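Examination of the molecular architecture
Here's the letter readout for the chains.
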Amino acid sequence: PILVACRSLQALRRSFRDGEARLEFDDLVSATRRAATVANNLHVFVNLSRGEPIQTSMTRLSAEKTIETIEEASNVAYNQRALHKSVKFSIRKDYPFPLPFFMADAELLELAIDNLLDNAVKYSYPGTSILVEVFPANYGREVQFSFRSEGIPLSPADFERLTARGYRGETARMTSPEGGGLGLWTISEAMKAMSGRLEVIPSDEKGLLDFRLCFKCYL
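Reference entry: report on the structure contained in this document. Here the structure is a predicted model, which is why all the values come from computation and not from measurement. (Residues numbered from 1 in each chain as written. Predicted model: local features only at pLDDT ≥ 70, side-chain atom pairs only at ≥ 80, totals over all residues. Heavy atoms only, no water.)

Describing the nonpolar core
By size, the foremost hydrophobic cluster in this structure holds 39 residues, and its most contacted members are Phe-102, Phe-145, Phe-147, Leu-213 and Phe-215. When residues of this core are traced back to their parent elements, those giving at least two are helix H3 (63-76), strand S3 (101-105), helix H5 (106-123), strand S4 (129-137), strand S5 (142-150), helix H8 (183-193) and strand S7 (208-218). Take this core: its biggest share by element is 9 residues, from H5. (Core = buried A, V, L, I, M, F, W, Y, C linked by side-chain atoms within 4.5 Å. Buried < 20%, exposed > 50% of the residue type's maximum accessible area, 1.4 Å probe, protein only. Helix = DSSP H or I, 4+ residues; strand = E, 2+ residues; numbered from the N terminus.)

Here you go:
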């Protein structure tokens, strides 16, 4: 029901023109979208806890359209008024080469995207940008969606358990009381069900953490 309400609100949002009413409506859409993500995470968690595999409906998806989906999610679910946090999204949409197609479950992919955006917002330093772009990899055999942000550091011990169910890094527990350690675990399990994978690249010299959704290209 939450997801249905979210879709309906997003459709109604396009017809709003009044300034202040539009801002209030955007906040409602944002909160509902994030509530739908929480509900979907719990649904996946309950099914996996029962030993039930994640059901998928694989379709041929466009990397170009997926970038548009990510941009919409960043605008709808994570607008600045709703977040009360000064982070920005930078979505790269122009590329000097055609973006590939890949196989995925559209709803599971959207859940993974929402979780990565939520994590990036939750653990990024105020005033930083969250960078999203597409990379070809493995000599063109893969497409990778990269979510990079400057945020709280992860220790080597964190990387060993980052996708374990219920795990949160020590710094994350100290700096953010939100979260139950299900986000990255859910993403990892969803990616496995779609024959993809989640990659986490350690901080570089600028302090950027890079989370990537990796899929095999499909002609």
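Thoughts on the packing of aromatic side chains
This structure, assessed with the given rule, holds 5 aromatic pairs. Seen in terms of ring centroids, Tyr-95 and Phe-97 are 5.8 Å apart; in terms of plane orientation they differ by 50 degrees. Their pairing is tilted. Taking relative accessible area as the criterion, Phe-97 reaches 33% and is therefore assigned partly exposed. Geometrically, the ring pair formed by Phe-145 and Phe-215 is edge-to-face, given 6.4 Å between the ring centres and 75 degrees between the ring planes. With a gap of 70 residues between them, Phe-145 in strand S5 and Phe-215 in strand S7 connect regions that are remote in the sequence. Of the two residues, Phe-145 and Phe-215, both sit in the buried class. Among the aromatic residues, ring-to-ring pairing joins Phe-102, Phe-145 and Phe-215 into one connected group. The ring centre of Phe-101 lies 3.8 Å from the NZ or CZ of Arg-60, which sits over that ring. (Phe/Tyr/Trp six-rings, centres within 6.5 Å; stacked < 30°, edge-to-face > 60°. Lys NZ or Arg CZ within 6 Å of the ring centre and 35° of its normal.)

Brief notes about H3
Under the 1.5 Å per step criterion, the end-to-end length of H3 is 20 Å for 14 residues, consistent within 8% with the ideal 20 Å. Along H3, the residues classified as buried are Ala-63, Thr-66, Ile-67, Ile-70, Ala-73, Ser-74 and Val-76. (Expected span 1.5 Å × (residues − 1).)

A closer look at the environment of Val-132
The residue Val-132 is located in strand S4 in this model. Separated by 40 residues in the primary sequence, Val-132 and Arg-92 place their C-alpha atoms 6.2 Å from one another. If we ignore the near neighbours within four places in the chain, the residues touching Val-132 are Ile-67, Ile-70, Ser-90, Ile-91, Arg-92, Ser-146 and Phe-147. (Contact = heavy atoms within 4.5 Å.)

As for unusual backbone geometry
Even without glycine at this site, Tyr-139 takes up a positive phi of about 55 degrees. By relative accessible area, Tyr-139 is classed as exposed at 80%. Phi at Ser-195 takes a positive value of approximately 60 degrees, unusual for a residue other than glycine. Here Ser-195 is to be found in the loop between H8 and strand S6 (197-201).

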